[in-house]
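Chains, contacts and geometry: an overview
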Amino acid sequence: MPHKRLWIPGPTEVSEKNLMAQAQPMIGHRESSFTKLYTGITDKLKEFFELEESHVIVHTSSGTLWMDITGRNLVRNKALAATCGSFSERMYETLLACGKEVDQYAAEWGTATKPDAIMEHLDESHDALTIVHNETSTGIRNPTTEIGKRLKAEYPETMYIIDSVSALGGDMLLPEKDQADLVFTATQKAFALPPGLSIGIISPAGYERAKTVDNRGSYTDLVGLIDYYKKKGQTPSTPAISLLYALDTQLDDMLEEGHANISKRHEEMAKFTRTWVQKHGMKMFPEEGYESITVSTIANNLEKSIADLNKELATRNLHISNGYGPFKEKNFRIGHMGLWTMSDLKELLWHIEEIWNL
Ligand SMILES: Cc1ncc(COP(=O)(O)O)c(C=O)c1O
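Residue indices follow the written sequence of each chain, beginning from 1 at its first position. For a predicted model such as this one, the threshold for reporting local features is a pLDDT of at least 70, and the threshold for listing and counting side-chain atom pairs is 80 or more; totals across whole chains, interfaces and linings nevertheless cover every residue. Heavy atoms from the whole structure form the basis of all side-chain values; hydrogens and water molecules are not counted.

1. Structural notes on the site of the ligand
Put simply, a residue is near a molecule or strand once any heavy atom of it comes within 4 Å of that molecule or strand. The environment of the ligand is formed by 15 residues, the closest being Ser62, Thr64, Thr136, Asp163 and Lys189. Throughout this description, a polar contact denotes any pair of N or O atoms lying within 3.5 Å of each other; where both atoms belong to protein, one of them has to be capable of donating a hydrogen while the other can accept it, and for residues adjacent in sequence the pair is counted only when both atoms sit in side chains. In the environment of the ligand, an oxygen atom lies 2.5 Å from a nitrogen or oxygen atom belonging to the side chain of Ser62. Take Lys189: an N or O atom from its side chain is 2.6 Å from an oxygen atom of the ligand. Shrake-Rupley sampling with a 1.4 Å probe provides the accessible areas, and residues are treated as covered by the protein chains on show and by no other component. Protein chains bury 89% of the 390 Å² of accessible surface belonging to the ligand in isolation. The way it works is a 1 Å grid over only the protein atoms, where trapped points that fit a 1.4 Å probe form a cavity and open points with protein on both sides within 12 Å along at least five of seven lines form a pocket, and then any residue with an atom within 4 Å of a point lines it. Placement in a cavity or pocket follows one criterion, namely that more than half of the molecule's atoms lie within 2 Å of its grid points. Judged by the proximity of its atoms to the pocket grid, the ligand belongs to the largest pocket.

Rendered as structure tokens:
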């Protein structure tokens, strides 16, 4: 089967170099060679995200584990979960499943979570606020910096948790600048790596909060993860070493391109897509001004068959995403994140134009 190039919001394309980086002999995770690899990765992440005081944990899991970590470590009694689509709703449900009290502030799917609305729904009873940076199900990009500013000015003790699974590393977010207590992602999105690793960036206050919360579990114990790293520079349980080899080389590439340049590349691809959408009489699904720069969600107002489009694209070794869940055939999504460049995007859009006779 020829490889279909992935223009979906994860997993994304992985470079040949990073695929090959995984194919190395194993090392023991209690050896000094592992400590060197793992602490080196942590240092590169600190450099990339301009971190002065945060803790960085690379875990062997997909992104969802960090919703459980949030519920078990950062919510003491009650959280406010701001939702605007499927993944932010997953966070709400996960916090409930962790036995925490949760209020939900639900913005309509396709609209953004605004700072004013958050502040209206927050009160002293909430010890944590969860939001999604980039709502993959609707293509919404939430204003994390503004929300952080407003939250910490009024409720400095309230934990600020950002799910940036489908944006971090592609869309510029600096956790310390946003005053976040936890930002998490997974490697199969803008990090352009295979699934299997997740990254959490935790503030010193987040670490202190976790120490005061009972029933943190074991694989989800943030204090255990951070303390083990501080003591040994290793992970408490066996990590996916092959994936760590690839993360190490990918971080070299990301540092070389630079965070700002990467973000600019994603912004340009998103802008180009929006102009293309307009030019051909289509509409963006997300609220104007809050469109994601890693995944463009386009309303199918031309009433084409997205399934048929993907069948035709498959013959050209290309693959895009249909609308998410209830929006299947009503929307379609182009994940332009990770390795993709403007010239790749132009080629993809040219194929769609040809197939649809635009
Ligand atoms: C915004 C967001 N949060 C969470 C997740 C869940 O991540 P994972 O599938 O890595 O567990 C996803 C996956 O697409 C996502 O897009």
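2. Some words on the domain arrangement of the chain
The domain boundaries assigned to the chain delineate domain 1 (5-11 + 259-356) and domain 2 (17-256). The split of the chain into domains comes from an automatic or database domain assignment. Computed over C-alpha atoms only, the centres of domain 1 and domain 2 are separated by 26 Å. Two parts placed together each lose some accessible area under a 1.4 Å probe, and adding up what both lose gives the buried area. Both sides of the domain 1 and domain 2 interface together cover about 2,300 Å² of buried area, and 62% of this is carbon and sulfur. When the area that domain 1 buries against domain 2 is broken down by residue, the three leading residues are His259, Tyr290 and Tyr324, summing to 30%.

3. Overview of the packing of aromatic side chains
Aromatic rings from Phe, Tyr and Trp, taking only the six-membered ring of Trp, are treated as a pair when their centres fall within 6.5 Å; an angle between ring planes under 30 degrees marks them as stacked, one over 60 as edge-to-face, and anything in between as tilted. On inspection of all chains with the given rule, the structure shows 9 aromatic pairs. Every member of this aromatic cluster is reached through a ring pair, and the members are Phe34, Tyr38 and Tyr229.

4. Re the pairing of strand E13 (residues 318-322)
The buried label applies to any residue whose accessible area, calculated with a 1.4 Å probe on protein chains only, is under 20% of its type's maximum; exposed applies above 50%, and partly exposed to all values in between. Only DSSP runs of H or I covering at least 4 residues are called helices, and only runs of E covering at least 2 are called strands; the numbering of each starts at the N terminus. Most of E13 sits inside the fold, with 4 of its 5 residues counted as buried. Bridging between E13 and strand E14 (residues 331-335) involves 2 bridges; their strand directions are antiparallel. Its bridge partner lying in E14, Asn322 is registered against Phe332. Strand pairing follows a simple DSSP-based rule, namely that at least 2 bridges must link the two strands.

5. Structural notes on empty space enclosed by the protein
One water molecule sets the probe size; rolling that probe over the atoms shows where empty space is left. Grid points are joined across faces, edges and corners, and a volume is the space filled by probe spheres set on the points. Tallying each qualifying case throughout the model produces 1 cavity of 30 Å³ or more. Here the largest cavity is characterised by a volume of approximately 30 Å³. Arg5, Trp7, Leu318, Trp340, Asp344, Glu347 and Leu348 together form the lining of the largest cavity. Those elements giving two or more residues to the lining of the largest cavity turn out to be strand E1 (5-7) and helix H12 (342-356). The leading source of residues in the lining of the largest cavity is H12, at 3 residues. Polarity classes work like this: nonpolar for Ala, Val, Leu, Ile, Met, Phe, Trp, Tyr, Cys and Pro, charged for Asp, Glu, Lys and Arg, and polar for all others, with Gly in that last group. A per-class count over the lining of the largest cavity returns 4 nonpolar, no polar and 3 charged.

6. Considerations on the side chain of Asp127
Mapped onto the elements, Asp127 comes out in the loop between helix H5 (115-121) and strand E5 (128-132). For Asp127, a relative accessible area of 9% gives the class buried. Polar side-chain contacts of Asp127 include one of 2.9 Å to the backbone nitrogen of Arg76. Ignoring sequence-local partners within four residues, the contact set of Asp127 consists of Leu74, Val75, Arg76, Asn77, Lys78, Glu157, Thr158, Met159 and Arg209. Should any heavy atoms of two residues lie within 4.5 Å, those residues are considered in contact.

7. Re the sheet that holds strand E9 (residues 182-186)
The strands making up a sheet associate through hydrogen bonds between their backbones, and the pairing can be parallel or antiparallel. Across the sheet, which stays open at both edges, the 7 strands sit in the order E2-E10-E9-E8-E5-E3-E4 with mixed pairing between neighbours. Two strands lie at the open edges of the sheet, namely strand E2 (55-60) and strand E4 (101-106), each paired on one side alone. Neighbour-to-neighbour, the strand axes of the sheet open up by a mean angle of 20°, direction not taken into account. Here strand E3 (residues 78-83) pairs with E4 via 6 bridges, running parallel. Note on method: axes are straight lines fitted to C-alpha atoms, helices fitted across the in-contact stretch only, with angles between N-to-C directions ranging 0 to 180 degrees.

8. Section: the environment of Ser198
Residue placement: Ser198 occurs in strand E10 (residues 197-202). Sequence separation of Ser198 and Leu222 is 24 residues, and the distance between their C-alpha atoms is 13 Å. Residues in contact with Ser198, not counting those within four places in the same chain, are Ile57, Val58, His59, Ser61, Ser62, Gly63, Trp66, Thr185 and Ala186. Here Ser61 takes part through its side chain, which lies 2.9 Å from a polar atom of the side chain of Ser198. Within polar-contact distance, the side chain of Ser198 engages the side chain of Trp66 at 2.7 Å.

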